[in-house]
Every structure is written in C-alpha cells, then in structure tokens.
Amino acid sequence: MLKVDKINVFYGLLQALWNVSFEVQKGEIVSFLGSNGAGKTTAIKTVQGMLRASSGEILFMDTFIDRLDSHNIVGLGLSLVAEERLLFPSMSVLENLELGAYSQRARAVRRQSLEWVYGLFPVLKKCSRQKAYTLSGGEQQMVAIGRGLMAKPKLLMMDEPSLGLAPLFVGQLFKAIEMIHKQGVSILLAEQNVSISLRISKKAYVFENGRVILKGRAVDLLQNENIEKAYLGL
Amino acid sequence: MASQFFQVVVGGILLGGIYGFAAFGLSITFGVLNILNLTHGDFLMLGSLVGYGIFLHFGINPFIIAIIIIPLFVVIGVGFYLLLLKPISGKPPNQLLVASVLITLGASIVIEDLTSFFWPHPITGIDYSLPSLELYGVVISETRLFILLFLLILAVSIQLYLQKTYMGKSIRAITQCRGGAKLIGIPISRISALTFGLGVAIAASAGVFYITLFTVTPVIGIPLTVKYMSIVVLGGLGSLTGSVIGGIILGIAESLTAYWFGAQWSPAVSFILLISILMIKPEGLLGRQR
C-alpha cells in the first residue's frame, strides 16, 4: 500500500533522514519507534508532502507521490494526524470535522463519515458546537483524529497521538485506534509509548539519528532488549 | 450644540462603514496569505476611477456599479497575485512579509504614476445624491445612509460566504492554522489567489462609494492603506465584525477630531489609535490571543 524507498530529506543543509525505507501493507498497523529527533516525524511529514525528499521514491497505491502536493496526496486516501494537532482554534468541533472532508471523494460521503466519527468518539457529538480551543487536550486529540478520518483515508498516519494525555485517556485512545483499524483503515503510528504501540502493531521500525536501525515483527521486537536501548537513544 | 455633536457622530459612523468594509479586504489578504498588500488603497482608487468611468459613460446607478465591479476586480486581483506575489509565496514567513512589502510598495508606485499619467486631474466625484433626512434635528445625508445600508448587506453576504461555503471556510481555516489547512488538503495557493482577488474586489467596490463622497486623486492609495492597516490592527485580524467596528471607531474619532481641533488633525488620529491599541490590547478588539 505504502512503499517508501531510500529517501533522503534535508532541513536546509542539515540532513534529517538517511536512506530511509519502510513499507505498510494493506490492513496493517505499523509503528515507528525512537527517541525525540530520531526522524519519525520527518519521515511521516515527507510522505504527506509537507516536506520534500531530495532523493528516493514514495509509492502509495500504485502512484508515485513524492512530487505531489499535499492536497493531492490527501485526495488519494492518505491522512496525517499531526503531533501539534493543528486544529482550527476558533471554529467549532463540527466545522473542524467537516473541513476534514475536503476532497471531492470525501465530501460526497461526509454525513456517513461524521456518524462514524461520532460513533468512535461520542464526546465529540456532545461538544460539536464548542470552539476547538475550549476543549481539553484529550478532546482536541479526538477532534484531530476525527478530522483525519473525515478524509476517508485508506492509510491513517498518526504522530505521537498519546503525547500529553492523561493515562486514562491513553487507554481509550488506543482502543479507538484498534477500532479504526478493524474498520479497514491501515495505520502508521509514531509513538513514544513503546509497549502499548507494539502490542497493537504488526511490525515496527526503530529510528535513530535519521536512520532506520532496526525493523521487524512487533512480537519479536517486544522481546528484544535492544529496543529499549534504541528507544531511549542510549 | 448637542444636535451638532450627534451630527458629527452620525457622519463618523457613515464614514467608518466604508473604512471598515475596505479594511476587511486588507484583513483577509493578510490573514490568508501572510503578506501585507500596500496596493490595497490603490485598488480602491482604481475602483473609484473605473466606477467613475462607467457612471460617466453609461449613467448606471453607483450602487449597481459597486456590484458589477466585483467580478472584474477579482480577475485583476488574481492576475496581480499570480504575476507578482505567487513567485515569493514559498518564502518563510518573516522574509515573505518583507518581500511582500517591497513588491507591493513598488507596484503601488507604478500604479500611482501610471494613473497620474492618464488622469492628470483629480476627480471630484460622482454627482449622485439623494435628498437629506432630518431626524430629531440631526441632518443625515440619505446617500450616505443608503451607502451604509448597502455596505451592511454586502458585509453580511460576505460573512455568510465565509461561514457557509467550503471556499469561505477554507479562507478562515488558513487564517486560523495554516499548517492544519495544508494537512487536511486545502489547496493553499489556489485559495490564496482567490482570496487576494476577493480582497482587491472589496477595495474596488468600496472605492465606488468613496468617490460618491470624496475627491479622488491618483496618490490617495498609500495614505488609505495605512489607515486600513490601523483599522485591521484595531479590530483584530481576519474578523469582519472587528474591521467594521474598528472602522466605525476610526470614523467617529476622525470626525470628532476635525470638529473639535480642525480637519488637519484627523489623519493623526489613526496613528494615535494604532499606538494605543498596540499598547493596551495588541491582538485587537475582537482578536484572539495567539
């Protein structure tokens, strides 16, 4: 479904990714692990077209997307839920969600999508008239994920969805992620919360200093003690 | 005495309506594109002149001219954006602002000089007036009253457009969170071009009313732009209501200053208001803390 082949990404003169390759098959949950600044976010943003790879190829559903603009990539069925959430603060929850269905394809089915999102996160239905900036961190995260789902993605990428959430919320969040996955959406997850994300993932990639240093099946990585070292960046 | 005071205040409100409407055009351009368009006042001036030309040759009612001029100037604005501003749109925000000031300042000078070349004389306005109205001793120009009413309708339509349509929502989304807008697949450069066109068209439309009330010369552009910038800061960025309220406050303040201290002091008022609001509430009256 998504195949990234040896991409190199620079921030100005600074190289952030070195020959990074990874793959997500249809129906999989794939995790990116690694410490802060290891390159997970850069890799995800490059796939979404927010950053450009200077070399390498990105193939999504038989289309090369490494030279496409973000809005075309979203239209193909690839959504990103950013770490910063990037909601529209002075718009209501409902407006935030509706704008998520921006592409023609998603706009046509936005009523069903909205019901789907409300089913996953019933809280959002209750506060649908509230302005986004008035919500708690956990609720904002739900809006961000809901907005990503409104685009009808085939692959949903999530960057640190559990960051800054109360532990109780984290459990709910991962339940929701599993539900989204069961409904046929493939998921790419970049998480600091290693144990919980490995538990729901099929395979994982470990990033360090802009390179993929380890990859494998999640069950194998769970037993691997190097993973903790790699994750902590020691 | 009291009735004279009210007379001045009412005049200020009517003037402020035009100010606020024109300023909103500047406000959305700045909010969506992150650029400062110093040609805004020049497009108002061009709108006045084109409106004047249409009035002279076809004798169409200025209220209708103010509407038919909108699509024309949307096209001109989009062309201006694609030609001069799109090439710099990829720059980081701080460089973009400086680059846009330089480009639009240059364009403004070119527009002013070209216009002076073709229109050497100041144009004293469309001769269009309706009888005045007297209410509790306050004389209100009916022309101004209708203009205000008309602007109100236009402003409400624009507000509805921004609230209800996908295009309007995209404009607000980009103003509120550029990164988020890009993330969900809003085509930023297309919306930017259209927004610029809309901003220019609002200026031109306001210009048609401007010339029914004031004398227009080719060099009014920059002073007007500065005035509208003060209003945008006063009212808060990207808020139509804020711009209208800011415009009305400035309109009243200018009229009262002219009444009490003399007309030569009224241009200073916009700067005094600008500085005070920056000291007291930098995000503007209706702006949200960023």
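An account of the accompanying structure is given in this report. (Residues numbered from 1 in each chain as written. Chains lettered and ligands numbered in written order. Predicted model: local features only at pLDDT ≥ 70, side-chain atom pairs only at ≥ 80, totals over all residues. Heavy atoms only, no water.)

Our next topic: the environment of A:S136. Positionally, A:S136 belongs in the loop between α6 (122–126) and α7 (137–150). In this structure, the C-alpha to C-alpha distance between A:S136 and A:L165, residues 29 residues apart in sequence, is 9.5 Å. (Helix = DSSP H or I, 4+ residues; strand = E, 2+ residues; numbered from the N terminus.)

Counted by the stated rule, this structure contains ten salt bridges over all chains. Measuring nitrogen to oxygen at the nearest pair gives 3.4 Å for the salt bridge that ties A:R52 to A:D69. Here the residue A:R52 occupies a position in the loop between α1 (40–48) and β4 (53–60), and A:D69 occupies one in the loop between β5 (63–64) and α2 (70–76), the gap between them amounting to 17 residues. Across the pair A:E98 and B:K169 runs a salt bridge whose closest N-O atoms are separated by 3.1 Å. One end of the pair, A:E98, is in helix α3 (residues 93–100); the other, B:K169, is in helix α6 (residues 166–176), on a second chain. In this structure B:K169 comes out as buried when scored by relative accessible area, which is 10%. Where salt bridges share partners, they join A:E28, A:K202 and A:K203 into one cluster. (Salt bridge = Lys/Arg side-chain N within 4 Å of Asp/Glu carboxyl O. Buried < 20%, exposed > 50% of the residue type's maximum accessible area, 1.4 Å probe, protein only.)

On to the interface of chain B and chain A, then. In this assembly, 20 residues from chain B lie in contact with 24 residues from chain A. Three residues stand out in chain B for area buried against chain A, namely B:Y166, B:L183 and B:I184, and they jointly supply 39% of the buried area on that side. Taken together, chain B and chain A are joined by two salt bridges. Counting every contact that joins chain B to chain A gives seven residue pairs in polar contact (both at pLDDT 80 or more). (Contact = heavy atoms within 4.5 Å. Buried area = accessible area lost by both parts, 1.4 Å probe. Polar contact = N/O pair within 3.5 Å; in protein donor to acceptor, adjacent residues only side chain to side chain.)

Within helix α5 (residues 110–120) of chain A, the full set of buried residues consists of A:S113, A:L114, A:W116, A:V117, A:Y118 and A:L120. Looking at the buried side of α5(A), the elements it contacts are α3, α6, α7 and α8 (167–182) of chain A.

Take the sheet that holds strand β8 (residues 186–190) of chain A next. Residues and elements named next belong to chain A. Pairing is mixed across the open sheet formed by six strands, whose spatial order is β6-β7-β8-β3-β9-β10. In the strand order of this sheet, the two ends are held by β6 (78–81) and β10 (211–217), each with one partner. Ignoring strand direction, the axes of neighbouring strands in this sheet form an average angle of 15°. Pairing between β6 and strand β7 (residues 155–159): four bridges, direction parallel. Looking at the pairing, L78 lines up with L155 of β7. (Pairing = 2+ DSSP bridges. Axes fitted to C-alpha atoms, helices over the stretch in contact; angles between N-to-C directions.)

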